[in-house]
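Coordinate analysis (summary)
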Amino acid sequence: MMRKSKKSKDARATTGSTAVPKTRKAGARGFAGRGLGEAKVLHPMREMRGTNYQVCGLYPFPMGGGSPISGVPLGRNLITGEPVCCDPITWFMKLRLIANPSAFLMANPGLGKSSVIRRMCMGLSAFGTIPMVLGDIKGEHVLMIRKLGGAVLELGRGVGQINPLDDFGAMAIARKLSPARREELLTELHDRRRGLVASLIAIQRKEPLNERERNILDRCLSVLEEEHGEDATEPPEMKDLLRVLKARPEQVRAVALDRGSDERYDEITEGLEGSFNTLCGAGSFGRMFAGQSTDRIDPTRPMVFDLSRIPQSDSDLRAATLMTCWTAGFSVVTASNMAADDGLIQRRRYFMVLDELWNTLAAGRGLVDEVNALTRLNREWGVGMVMASHTPSDLMAVRDENDRHKAKGILNRCGMKILGGLARAEMPLLTQSVSLSQREQDQLANWQDPAAWTDGRDGDIQYTNDDVFTTTTFVSDAAIHEWLEDSDEAEWVEDDRTRTPPPGQGKFLIKVGSRAGIPVSVDLTPTERSSGVHDTERKWHTTKKRMVKKGGSGGAL
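Please read these numbers as outputs of a predicted model, since none were measured by experiment. (Residues numbered from 1 in each chain as written. Predicted model: local features only at pLDDT ≥ 70, side-chain atom pairs only at ≥ 80, totals over all residues. Heavy atoms only, no water.)

What to know about the overall build of the protein
The secondary structure content of the protein amounts to 24 helices and 13 strands. For the protein, buried positions account for 46% of its 557 residues. Expressed as a percentage of contacts within the protein between residues at least 6 apart in sequence, the contacts between residues at least 24 apart total 73%. (Helix = DSSP H or I, 4+ residues; strand = E, 2+ residues; numbered from the N terminus. Buried < 20%, exposed > 50% of the residue type's maximum accessible area, 1.4 Å probe, protein only. Contact = heavy atoms within 4.5 Å.)

Quick word on the packing of aromatic side chains
As enumerated under the stated definition, the model contains one aromatic pair in all. Ring plane angle 80 degrees and centroid distance 5.6 Å describe the contact between Phe-285 and Phe-289, whose orientation is recorded as edge-to-face. Given the relative accessible area of 2%, Phe-285 is considered buried. Positioned above the aromatic ring of Phe-92, the side-chain terminus of Arg-96 is 4.9 Å from the ring centre. Sitting over the face of the ring of Tyr-265, Arg-253 holds its NZ or CZ atom 5.6 Å from the ring centroid. (Phe/Tyr/Trp six-rings, centres within 6.5 Å; stacked < 30°, edge-to-face > 60°. Lys NZ or Arg CZ within 6 Å of the ring centre and 35° of its normal.)

Examining the sheet that holds strand β3 (residues 102-106)
Pairing within the open sheet is mixed, and its 11 strands lie in the order β2-β1-β12-β11-β9-β3-β8-β7-β4-β6-β5. Two strands close off the open sheet at either side, each with one partner strand: β2 (83-85) and β5 (151-154). Averaged over all adjacent pairs, the angle separating strand axes in this sheet is 25 degrees, with direction ignored. Looking at chain direction, β5 and strand β6 (residues 303-306) are connected through four bridges and run parallel. By the bridge assignment, Ala-151 is partnered in β6 with Met-303. Strands in contact with helix α17 (residues 401-413) are β3, β8 (383-389) and β9 (416-419); relative to β3, the strand with the most contacts, it is inclined by about 115 degrees. (Pairing = 2+ DSSP bridges. Axes fitted to C-alpha atoms, helices over the stretch in contact; angles between N-to-C directions.)

A few points about the nonpolar core
Counting 93 residues, the largest nonpolar core has Phe-276 and Phe-305 as its most contacted members. With 13 residues, helix α13 (residues 315-341) is the single largest residue contributor to this core. Here Phe-305 is in contact with Val-133, Leu-134, Gly-135, Asp-136, Leu-153, Leu-155, Ile-162, Ile-297, Cys-325 and Ala-328, once residues within four sequence places are set aside. (Core = buried A, V, L, I, M, F, W, Y, C linked by side-chain atoms within 4.5 Å.)

Observations concerning α13
For α13, with 27 residues, the first-to-last C-alpha span of 39 Å sits near the 39 Å given by 1.5 Å per residue. Where burial is concerned, most of α13 is hidden: 24 out of the 27 residues are buried. Phi for Gly-343, located one or two positions after α13, is positive at around 75 degrees. (Expected span 1.5 Å × (residues − 1).)

Considerations on the environment of Asn-108
Checked against the element boundaries, Asn-108 lands in the loop between β3 and α4 (113-126). The spatial distance from the C-alpha of Asn-108 to the C-alpha of Ala-423 is 8.2 Å, given a sequence separation of 315 residues. Sequence-distant contacts of Asn-108, defined by excluding residues within four places in its chain, comprise His-390, Thr-391, Gly-421, Leu-422, Ala-423 and Gln-448.

Examining helix α9 (residues 238-247)
By the burial criterion, the buried members of α9 are Met-238, Asp-240, Leu-241, Leu-242, Val-244 and Leu-245. Elements in contact with the buried residues of α9: α7 (179-205), α8 (211-228), α11 (262-268) and α12 (270-282). Count one or two residues on from α9 and you reach Arg-248, which has phi positive near 55 degrees.

Structural notes on the packing of α9 against α12
Contact geometry for α9 and α12: axes closest at 9 Å, N-to-C directions at 160 degrees. With respect to α12, the element α9 is oriented roughly antiparallel. Between α9 and α12 lies a crossing of left-handed hand. Residues Met-238, Lys-239, Leu-241, Leu-242, Leu-245 and Lys-246 of α9 touch α12, and the partners they reach there are Leu-272, Glu-273, Phe-276, Asn-277, Leu-279 and Cys-280. When its residues are assigned to classes, the contact of α9 with α12 shows eight nonpolar, one polar and three charged. (Parallel < 35°, antiparallel > 145°, perpendicular 65-115°, else oblique. Left-handed = near helix turned anticlockwise from the far one by under 90°. Nonpolar A, V, L, I, M, F, W, Y, C, P; charged D, E, K, R; others polar.)

Looking at the side chain of Asp-355
Structurally, the position occupied by Asp-355 is in the loop between β7 (350-354) and α14 (357-361). The buried charged residue Asp-355 lacks any salt bridge, with Lys-113 as its nearest oppositely charged partner at 5.6 Å. Each residue touching Asp-355, except ones within four places of it in the same chain, is listed here: Ser-114, Ile-117, Gly-135, Glu-140, His-141, Trp-326 and Ala-388. (Lys, Arg positive; Asp, Glu negative; His and termini not counted. Salt bridge = Lys/Arg side-chain N within 4 Å of Asp/Glu carboxyl O.)

Comments concerning the pairing of β7
Most of β7 is tucked away: five of the five residues are buried. Going residue by residue along β7, you find Tyr-350, Met-352 and Leu-354 tucked away on one face and Phe-351 and Val-353 tucked away on the opposite face as well. Pairing of strand β4 (residues 130-136) with β7 involves four bridges; the strand directions are parallel. Along β7, the bridge assignment pairs Met-132 with Met-352. As paired strands, β7 and β8 are joined by five bridges and run parallel to one another. Its bridge partner being in β8, Leu-354 is matched across the sheet by Met-387.

Points about the environment of His-228
Among the secondary structure elements, His-228 is positioned in helix α8. When neighbours within four sequence positions are excluded, His-228 is seen to be in contact with Glu-234, Pro-235, Pro-236 and Asp-240.

Focus: the pattern of salt bridges
Applying the stated criterion to the full structure yields 21 salt bridges. For Asp-191, the salt bridge is made with Arg-194, and the minimal N-O distance between the two is 3.4 Å. Of the two residues, Asp-191 and Arg-194 are both situated in helix α7; the distance of three residues between them amounts to about one turn of the helix. The exposure class assigned to Arg-194 is partly exposed, which follows from its relative accessible area of 24%. Through salt bridges with shared partners, one network takes in Arg-181, Glu-184, Asp-341, Asp-342 and Arg-347.

Some words on unusual backbone geometry
Unusually for a residue other than glycine, Lys-206 sits at a positive phi of about 70 degrees. Along the chain, Lys-206 falls in the loop between α7 and α8. Of note, Leu-257 is a non-glycine position whose phi angle comes to about 60 degrees, a positive value. Looking at where Leu-257 falls in the secondary structure, it is placed in the loop between α10 (250-256) and α11.

Notes on the confidence of the model for the protein
Averaged over all residues, the pLDDT of the protein equals 81, while 80% of them reach at least 70. Taken together, the stretch residues 491-498 has pLDDT below 50 and engages in 19 contacts with residues farther than four places along the chain or on a different chain. (pLDDT = per-residue confidence, 0-100.)

Structure follows, in structure tokens:
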């Protein structure tokens with residue numbers, strides 16, 4: 001038997017041979033060493049998705065997906081790249097992932113908050129749900145509703161008005177209901193009228209009605225409803241409520257505690273009479289609530305209340321109109337559901353949008369209770385709902401400490417929270433209601449950063465207003481229109497901002513309870529982009545086109 005000498009072993013060790021010992025095993029990247037083929041770059045594996053029925057034969061290689069694919073497609077998971085589908089109705093009714101069909105959407109302005117709302121509205125509309133935008137103060141959702149074949153109800157000074165005492169179709173349905181259902185619907189209508197009028201007065205006074213005034217308001221409404229009855233052709237108006245108050249009926253005097261004295265009655269009701277006068281057109285609200293509603297709500301079609309004609313400086317009128325629109329929408333849903341319960345119509349599903357929530361909550365003390373009453377029954381009445389605000393601080397902007405706790409409860413009750421870019425200073429307040437890890441907080445804070453200084457288009461021509469409007473080159477009208485028809489030039493006219501969006505634009509974190517959030521990037525489809533439903537800067541584009549066309553009228557640009 002021959003033995004290998006020690007010398008031969010040493011020689012092999014010093015020759016630099018690349019021979020691989022038999023006992024050596026390859027690592028995750030292959031054999032390490034020169035010429036052994038170690039992979040320095042690992043290409044990601046291609047991932048595909050399928051149902052359990054489709055991929056069961058590939059076991060054990062498949063793995064469970066991390067994001068639900070039932071509901072409205074929102075975008076792609078930022079971690080895995082898989083599609084993410086999300087809406088409060090599907091996650092509640094079909095997947096049972098949330099306790100009630102509601103969502104709270106929160107992000108800084110300009111990061112795509114309204115685009116998420118529109119995507120949900122369009123997707124749910126395709127599923128047979130009727131979207132109702134109950135107050136659009138910027139006109140952002142008007143084009144979407146029109147594209148869906150819905151109704152746009154314009155409200156504003158000299159544009160349109162809404163009657164706080166309107167039944168919104170409830171009386172017509174009540175005549176067809178069973179006696180028990182009719183009584184229930186009429187009681188619901190009475191309570192909503194009382195709550196709405198009290199809210200409007202609270203916005204005007206900056207404080208709620210006292211107990212005696214609420215009782216007087218309740219009795220005045222009861223007397224007025226008895227006068228009109230169920231066969232009235234039109235609902236009562238605020239001037240009718242004022243007339244009942246001045247008439248001193250016995251039912252009202254009983255709760256006013258005037259002790260049989262007309263002078264005492266007038267003294268007790270003086271403040272309420274002044275508030276009624278304001279709602280009748282004698283105050284800062286103008287004629288907004290003084291007559292019959294300009295338009296009627298069709299419960300079978302998508303709809304939006306367009307409040308863009310109300311100036312931002314008129315915050316009280318805007319808050320009062322929003323509150324009235326919310327009440328109108330929920331009244332329509334209530335009547336529709338009761339008719340379905342009696343078998344008169346097929347049950348309809350509604351998706352209600354309550355945007356700019358902070359605007360109403362901060363308008364007056366005690367309004368949080370009224371919003372709470374409107375939003376608590378979304379699960380009982382089969383209504384999906386999304387509420388939107390900018391930051392957690394907006395909810396805490398109410399003046400009364402008790403109202404702040406109740407406003408926080410509105411956020412806590414929502415089944416899901418969809419969070420976009422928020423300032424780091426908002427995190428301590430946000431984490432009181434939403435369970436967020438430190439990594440998730442950092443992610444939300446990074447998403448609110450602005451876009452880069454440069455747009456990354458090195459070598460491209462940079463057009464400015466001076467390049468276009470200060471040249472002395474003569475251009476005819478025909479040349480201008482031909483230039484506008486060019487897709488490349490028209491793109492500049494439509495949007496001459498940087499093409500590099502902010503890092504958090506379209507990025508959101510979906511949170512349900514204490515589960516880890518699902519980071520999603522909302523991608524707009526070519527159809528959405530070409531339709532313009534997500535373009536919230538159309539007025540800028542129209543102005544630029546008008547200026548360009550005007551510059552070509554037989555002269556220089």
